[in-house]
Amino acid sequence: MDGDVYVTPRYLAGSPGYGDAGFAPVAHWPHHHLDEGPHQLVVTSPDHRIRIGWAGDDYDLWTISATPDAVSGPQWTAIVNQNTPPELVAALTATLAQDWAAGQDRFLAAPSVYWADSVAPLAAAGWERTGAELGTVELAAPDGNAGVCINISRRDLEGGTQLWAGPPGWGTRAEITFTPPVRPPTS
């Protein structure tokens, strides 16, 4: 197919296969081009507390994390798949850059222990609860093309909160999964 193809709504279009849009809000931050490892490019905040990794040719294109200092483990991590539109990644990186520039640690804040607080803007926009697996809460957009799933039974597990858009499937569903920090075992 020649020329531009426009998809509506935009969140169903997926990634164009390059990271330019997602990195645009942090283009002035240090860039680290890596020859080995899962990411070809890692952009960090000047103090290295925010890390944005681009895998380039993987299912999970982006790994974004925030940490209290340059050498600590992540306070949270976001994994973004290849179907996610770059505008969503850019919105996330722009918000992180704004919070970092303001000199605040808002990007490190833990989510509310009350899941309803986290989804209040979505509920106000007409999103409704759907059938969910035991231990999770799911909400879907009125058109059913986007949703959120929150693991409320064990917030320490991978997949704490997942935002999704599009029909289910490897090549069709955009997903951003926010995971909480991995806590070391207690003795």
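Residues numbered from 1 in each chain as written. Predicted model: local features only at pLDDT ≥ 70, side-chain atom pairs only at ≥ 80, totals over all residues. Heavy atoms only, no water.

**Observations regarding unusual backbone geometry**
Positive phi, normally seen in glycine, also occurs at His 48, with a value near 65 degrees. Within the secondary structure, His 48 is located in the loop between β2 (41–44) and β3 (50–54). (Helix = DSSP H or I, 4+ residues; strand = E, 2+ residues; numbered from the N terminus.)

**Observations regarding the confidence of the model for the protein**
Across the protein, the average pLDDT comes to 83, with 83% of residues at or above 70. Per-residue pLDDT, averaged within each element of the protein, yields its smallest value for helix α1 (residues 20–23) (81) and its largest for helix α4 (residues 120–124) (95). (pLDDT = per-residue confidence, 0-100.)

**Digging into the pairing of β3**
Counting buried residues along β3, 4 of its 5 residues qualify, which places the element largely inside the surrounding structure. Relative to β3, β2 runs antiparallel, the two sharing 4 bridges. Counted as the bridge partner of Val 42 is Gly 53 from β3. Between β2 and β3, which pair antiparallel one after the other, the connecting turn spans 5 residues, and His 48 there sits at a positive phi close to 65 degrees. As defined by bridge partners, β3 adjoins strand β4 (residues 60–66) across 5 bridges and the pair is classed as antiparallel. Opposite Ile 52, over in β4, you have Ile 64 as the bridge partner. (Buried < 20%, exposed > 50% of the residue type's maximum accessible area, 1.4 Å probe, protein only. Pairing = 2+ DSSP bridges.)

**Section: the packing of aromatic side chains**
If you walk through the whole model with that rule in mind, you get 4 aromatic pairs. Both rings, one in Trp 29 and one in Trp 100, keep their centres 5.6 Å apart while their planes meet at 70 degrees; by these two values the pair is edge-to-face. In this pair, Trp 29 is assigned in the loop between α1 and β1 (31–33) and Trp 100 in helix α2 (residues 86–101), connecting sequence segments 71 residues apart. Seen in terms of ring centroids, Trp 76 and Phe 178 are 6.0 Å apart; in terms of plane orientation they differ by 55 degrees. Their pairing is tilted. Here Phe 178 lies in strand β10 (residues 174–179) and Trp 76 lies in strand β5 (residues 76–81), a separation of 102 residues in the sequence. Judged by its relative accessible area of 14%, Trp 76 falls in the buried class. Judged by relative accessible area, which is 25%, Phe 178 ranks as partly exposed. (Phe/Tyr/Trp six-rings, centres within 6.5 Å; stacked < 30°, edge-to-face > 60°.)

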